[in-house]
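Take a look at the letters that make up each chain.
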Amino acid sequence: MQKKSSLMKKLKKYWPFYFLALPGLIYFFINNYIPMGGLILAFEKYTVSGGIFGSKKIGFQNFKFLFSNADAWIMTRNTLLYNIVFILLGLVISILTAYFLHELKSNMSRKFYQTVILFPSLLSIIIVSYLANALLAGDTGFINNHILLPLGLEPISFYSEKKWWPFILVFVHFWQMTGTSCILYLANMSAIDPSLYEAASMDGATRWQSFFNITIPCLVPTIITLTILAVGKIFNSDFGLFYQVPMNSGAIIDVTQTIDTYVYRGLMNTANLGMSAAACFYQSVVGFCLVMITNSMVRRISSENAMF
Amino acid sequence: MVRKDTGFQVFCHVILAIMAVLVLFPLALLILSSMSSESDIIKYGYSLIPKNFDFTAYKFIFSEGSVFHSYLVTIFVTLVGTVASVLVTTMLAYTLTINDMPGRRILSFLVLFTMLFSGGLVPSYMMWTTIFHIKNTIWALLIPNLLCSAFHIMITRSYFQNNIPPAILESARIDGMSEFGIFFKIVLPLSVPIIATIGFMKALMYWNDWTNSLYYITDKNLVGIQALLNNMLTNVQYLAQSMDASSVATDMATVPSLSMRLAIAVVGMLPMIILYPFFQKYYMKGLTVGAVKG
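Residues numbered from 1 in each chain as written. Chains lettered and ligands numbered in written order. Predicted model: local features only at pLDDT ≥ 70, side-chain atom pairs only at ≥ 80, totals over all residues.

(A) Region of the structure containing the overall build of chain B. Broken down by element type, chain B carries 15 helices and zero strands. In terms of overall dimensions, chain B is more spread out than a globule: its C-alpha atoms have a radius of gyration of 24 Å, far above the 19 Å expected for 294 residues. Oriented by its inertia axes, the alpha-carbon framework of chain B measures out at about 75 × 65 × 35 Å. Classification of the 294 residues of chain B by burial places 43% in the buried group. Residue pairs in contact within chain B that sit at least 24 positions apart in sequence constitute 70% of those at least 6 positions apart. (Helix = DSSP H or I, 4+ residues; strand = E, 2+ residues; numbered from the N terminus. Rg over C-alpha atoms; globule rule 2.2 N^0.38 Å. Buried ≥ 20, exposed ≤ 12 C-beta atoms within 10 Å, placed from the backbone. Contact = placed C-beta atoms within 7 Å.)

(B) Broad picture of the interface of chain A and chain B. Listed per partner, the contact involves 78 residues of chain A and 82 residues of chain B. Ranked by residue count, the leading element in the side of chain A that touches chain B is helix α1 (residues 3–38) of chain A, at 17 residues. A breakdown of the residues in the side of chain A that touches chain B according to their chemical character gives 50 nonpolar, 23 polar and five charged. (Nonpolar A, V, L, I, M, F, W, Y, C, P; charged D, E, K, R; others polar.)

(C) Structural context of the environment of B:Val266. Residues and elements named next belong to chain B. Considering the arrangement of structural elements, one finds Val266 in helix α15 (residues 257–292). Val266 sits in the buried class, given 22 other C-beta atoms within 10 Å. Through-space distance from the C-alpha of Val266 to that of Ile31 is 6.4 Å; in sequence the pair is 235 residues apart. Those residues in contact with Val266, other than ones at most four positions away along the chain, are Leu30, Ile31 and Ser34.

(D) Representation of the confidence of the model for chain B in the model. All names here are of chain B. Mean pLDDT over chain B works out to 88, with 92% of the residues at or above the 70 mark. Per-residue pLDDT, averaged within each element of chain B, yields its smallest value for helix α14 (residues 238–246) (62) and its largest for helix α7 (residues 139–142) (96). For this predicted complex, the interface confidence comes out at an ipTM of 0.90, alongside a pTM of 0.91. (pLDDT = per-residue confidence, 0-100.)

Put into structure tokens, the structure is as follows:
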């Protein structure tokens, strides 16, 4: 049979599949691929008549403005530092939480604690902001009214004092995310062969010796993979956490501004569109490079865990 | 392991109990404060033990049309969005399991690539507003960034690959069943667990989404529950003001703004609290499958 007719025959045979795939593919084309092309905005002086693809090209001018400004440094520093803390502290917190859950003898208590700890991940960051506000608000907040006041201390106006926010944001992040991040470690711990522990305890190993010599080594592939994947996303931040939880307060912007909040603030202020587009380009491209680098590292360490 | 170490068990319980209290405390504060009277909140602040139980805030929510309206917007968006999203996701994921389909590898790559590189907010925002003009339409709440994600495609595809025996599909084909019939009558009914997993995750995303509303919605009729809460977070009087405009009878001073926004927050998280026990199993499965491998 000739090649051409066999292709026609194939298409005829497979058309229902292409038809099923079509809505999703169209969606990805519009939602993901057109904006990739739209990154060209970073090199343009946007005008309404020119649109996204036809505005005047101005080379690297937007980037020059962006990086001549202290904002670029502050937002990069904040994004990186918060992410580094989230990754490192997250390892300790989620592995220990998973370990305590795993070691519980009573299945019912394990289920109870896990349900409770996982619950905050169901809440929107708006609700989380309300919870934080109920504790922190200057006039009606719980901390000022029911902790500091009875102790005879001065009330703190949290939303205008920078020094508290690194701690608050880190706490809120772990408050919401510990439940989801410990699940995978917990699943891995349940998969460790129990005879390893039995042999160790017969040889007189203490609990902490078996934790550091059996549990941790068994988790190493997961730890490496998750950490490297997180490093690949180190240029991204949870917009809601850094914008909503501090209630968009201007006084503390030095410690809450991340690349995502900068891009949003710039976008809403049309005079800043060029710089916002440049920051967006900076985030996308550096983020992509980091993902590629980290993925090739994962592939080298354990190829089955690589994303591609 | 077989050990008799009550000490360590107690230690685990203490640590986990502290964590559970840390999780539950702010939630209890929110719920109990929503039940105290406005004057108590102003006088004593948010408190775990309300001086006077007072459900005025809840009465206001249910008697006032705009909160109910926001609730309906969110319910509509969540239902339509979840169904559409599960359909689109399973359909595309299924075709990516058809081994000898020409172009399958390219399509898989095109889907996967969206996880690696993204245009980000500025180009997306400009595209949706200047090319598709979705500002202040219901589409803005349903489509941008929510409808379909590569991550869900990948976990659905691997579920299909591991759980649908090819022999069943083959015999259906021999019996002359159409490919659509096979997909809707055989593949989908065999995939209830993964549909529950991605369905719950999608419903959660739609229910909790507030960014699309922040970017694209200014019309009061399209404000969902999260967006309403968002407006009230920065402006306590938001609802009082909008009520003032809509009904002449409402006196702004009598609206319990502080307790009411807490009450709306409680009502806003209620459906997820109710659904959670039923879907926890699937939710946890989705988190475990997806955490490492896309």
